[in-house]
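One-letter residues, chain by chain:
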Amino acid sequence: MKKFLGFSKVERALTVAGLGPAMLLGCAVHENTQLAAYLPAPSYSVLVPFPAAVAAPARPRVPAPAELVTSLDGITRNFNGLVGVAVTSIDDGWTASNVTASRPLPQQSVSKLWVTMTVLDAVDRGEIRLDDPLTITRADFTLFHQPVAALVKGDVGYTTTVAEIMRRAMQMSDNTCNDKLLRLVGGPQAVRDFIARKQLGTIRFGPGEKLLQAGTAGLAWKPEYSVGNAFAVARSRLSPAVRLAAYEAYVKDPPDGAAPASIADALARLYRGELLSANSTAWLLATMDGAKTGKARVRGAVPPGWLYGHKTGTGQDLGGRTAGFNDVGILTAPDGRSYAIAVMIGDTSRPIRERQLLMQAVASAIVAHHRPSGSMMAGGRPSR
C-alpha cells in the first residue's frame, strides 16, 4: 500500500477543532531592508532567484487526459489576460495545464503557503512549538488586509499562540500575522531556503509584504504607511507614469513569481506527505479547508460531497488591471481521489466576476472529467 496522507472532511474538521493529530498555523511577510534593491532596474533574480538546479523527485510520467487538457485550453485561450492553469492528479501523477502554466506569475498571498510550510518545518525539527506564545503589537502592523489589528489594544498588544497566528494568516490572509511568522522563522531567506531544500521548482519568495507592495506601487517603504490609509494616500500622489512603470515591471518579472505547474506539484507533494511530517501535513490540509477567502473563485463550483482546501492571492489594481488574482488548493472527490489546482491570473482588466467564472470553469472541468475510484476502504478512503 502506498503512503497515503489524505483526510476526510470529518477528520480535517476534528483536526482543526484540536481533536485530531494536527494543529493550527499561518503565514508571514517581510524584513525591513531598503527598497532600492527591489525596484526596477536591478534584476529581481539577484534578490529572489529561482532555485535553478533543483527539481522535484522524479515520478513516472503519466499522460494527462486529453479531454481535460482540451477543456483547460478552451477555458483560458480567449480570456483577455495572462492566465496560467495547472491541475495535477495526486493519485495518478499526471498534470494537465495550459501553455502559460510554466511561466512565473505574481503569487501575492498565495506565498503565505511557503511561510506556513517553513514554520511547520521548524515545528517538525523541534525549533518552534505550536503553542508557543506570540504577541502582535502596533509596531508589527503592515498594510492592506490585517484584521488582527482590531485585537491589538494599547501598548500591551495581542498575545496568542503561534498556531493561532498561522491560522489567521492562512484562513483570513492576514498580512500582519504572516509578517510576524516570517520574522519568527528568520525572514525571507529562511523561506527561500525551505523552497530550495524541498526542491519545489519555479517558486520565488519575495522581500515581504511591505517591500513587495511598495515596489509594485512605485513607492519606497516608510513605517508610517502601516497606519490608517497612509499607504493609499502616498500611492495616489504618484504620477501615473511612475505607477504604470512600477506595475509593468512587477508583472513582467515578479519577485514573488511562481509557475502554476510548480505550485500544483508542490501541493500534490504536500498531500502525499513528502514535505512535512504527518501531523503538520494534516494540520495544514485542515487549515486550508477552513479558508474564509475566495468563496466565489474555485470554491464557487465545488459540488456537494467534494472538498476544497485552498489559498487565495490578490494583487494591487491600476486602471482596472489587477496584478495577481489567484486560487490554489486541493480538490477532493467523494471517493477520496484528489487534484492539486493552481489557477493564476497574472494580469487582467476583465471584471472580477469573469475572473471568478474562469476559476469555477476549471473546477467544473475537473469534476466533469473525474472517473470515480471503484474500490473504497473503510472510512471513505480510496484503496491504495
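Cut-off values and rules
Residues numbered from 1 in each chain as written. Predicted model: local features only at pLDDT ≥ 70, side-chain atom pairs only at ≥ 80, totals over all residues. Heavy atoms only, no water. Helix = DSSP H or I, 4+ residues; strand = E, 2+ residues; numbered from the N terminus. Buried < 20%, exposed > 50% of the residue type's maximum accessible area, 1.4 Å probe, protein only. Contact = heavy atoms within 4.5 Å. Areas by Shrake-Rupley, 256 points an atom, 1.4 Å probe, with all protein chains shown as cover. Phe/Tyr/Trp six-rings, centres within 6.5 Å; stacked < 30°, edge-to-face > 60°. Lys NZ or Arg CZ within 6 Å of the ring centre and 35° of its normal. Axes fitted to C-alpha atoms, helices over the stretch in contact; angles between N-to-C directions. Parallel < 35°, antiparallel > 145°, perpendicular 65-115°, else oblique. Nonpolar A, V, L, I, M, F, W, Y, C, P; charged D, E, K, R; others polar. Left-handed = near helix turned anticlockwise from the far one by under 90°. pLDDT = per-residue confidence, 0-100.

Q: Tell me about the overall build of the chain, and name the residues and values.
A: Per the secondary structure count, the chain includes 13 helices and 11 strands. The buried share of the chain, taken over its 384 residues, is 56%. Of the contacts made within the chain by residues no fewer than 6 positions apart, 74% connect residues no fewer than 24 positions apart. Working note: accessible area of the chain is about 15200 Å², and carbon and sulfur atoms make up 57% of it.

Q: Please provide a residue-by-residue account of the side chain of Asp121, values included.
A: Mapping Asp121 onto the fold places it in helix H4 (residues 112-124). Take Asp121: its relative accessible area is 5%, and that puts it in the buried class. With near-sequence residues (within four places) excluded, Asp121 lies in contact with Phe194, Arg197, Lys198 and Leu276.

Q: Outline the packing of aromatic side chains, supporting the account with residue identities and numerical values.
A: With the rule as written, the count across this model stands at 5 aromatic pairs. Consider the rings of Phe144 and Phe231, whose centres lie 5.4 Å apart with planes at 85°: the pair is edge-to-face. Of the two residues, Phe144 sits in the loop between strand E4 (133-136) and strand E5 (158-161) while Phe231 sits in helix H9 (residues 230-236), which places them 87 residues apart along the sequence. Judged by its relative accessible area of 3%, Phe231 falls in the buried class. Ring plane angle 85° and centroid distance 5.8 Å describe the contact between Tyr225 and Phe231, whose orientation is recorded as edge-to-face. The pair formed by Tyr225 and Phe231 is uniform in burial state, with each residue classed as buried. Here a set of aromatic residues connected by ring pairs shows up, and it is made of Phe144, Trp221, Tyr225 and Phe231. Positioned over the ring face of Phe325 is Arg297, at 3.7 Å from the centre of the ring. The positively charged end of Arg355 is found above the aromatic ring belonging to Phe325, 5.1 Å away from the centroid.

Q: Quick rundown of the packing of helix H11 (residues 260-271) against helix H12 (residues 278-289)? Include the residues and the values.
A: Contact pair H11 / H12: the axes reach a minimum separation of 9 Å and the direction vectors enclose 125°. What the angle tells us is that H11 and H12 run oblique. Judged by residue contacts, Leu267, Leu270 and Tyr271 of H11 engage Thr281, Leu284, Leu285 and Met288 from H12. Here the contact of H11 with H12 is composed, by residue class, of 6 nonpolar, 1 polar and no charged.

Q: Can you explain the environment of Ile352? Please cite residues and give values.
A: Looking at where Ile352 falls in the secondary structure, it is placed in helix H13 (residues 352-369). Here Ile352 falls in the partly exposed class, since its relative accessible area comes to 47%. Sequence separation between Ile352 and Ala296 is 56 residues, and the spatial gap between their C-alpha atoms is 9.9 Å.

Q: Got a sec to walk through the packing of helix H5 (residues 162-171) against helix H6 (residues 175-185)? Specific residues and values, please.
A: Between H5 and H6, whose axes approach to 8 Å, the crossing angle comes to 130°. Judged on the interaxial angle alone, H6 and H5 are oblique. In terms of crossing hand, the pair formed by H5 and H6 is left-handed. Facing H5, whose interface residues are Val162, Ile165, Met166, Arg168 and Ala169, H6 presents Cys177, Asn178, Leu181 and Leu184. Residue classes in the contact of H5 with H6 are distributed as 7 nonpolar, 1 polar and 1 charged.

Q: Talk me through the confidence of the model for the chain; I want residue IDs and the actual numbers.
A: This prediction gives the chain a mean pLDDT of 85; 82% of its residues lie at or above 70. Throughout residues 1-47 the model reports pLDDT below 50, and contacts reaching past four residues in sequence, or to other chains, amount to 157 contacts. For residues 375-384, every residue scores under 50 in pLDDT, and the model assigns this stretch 27 contacts once sequence neighbours within four places are set aside.

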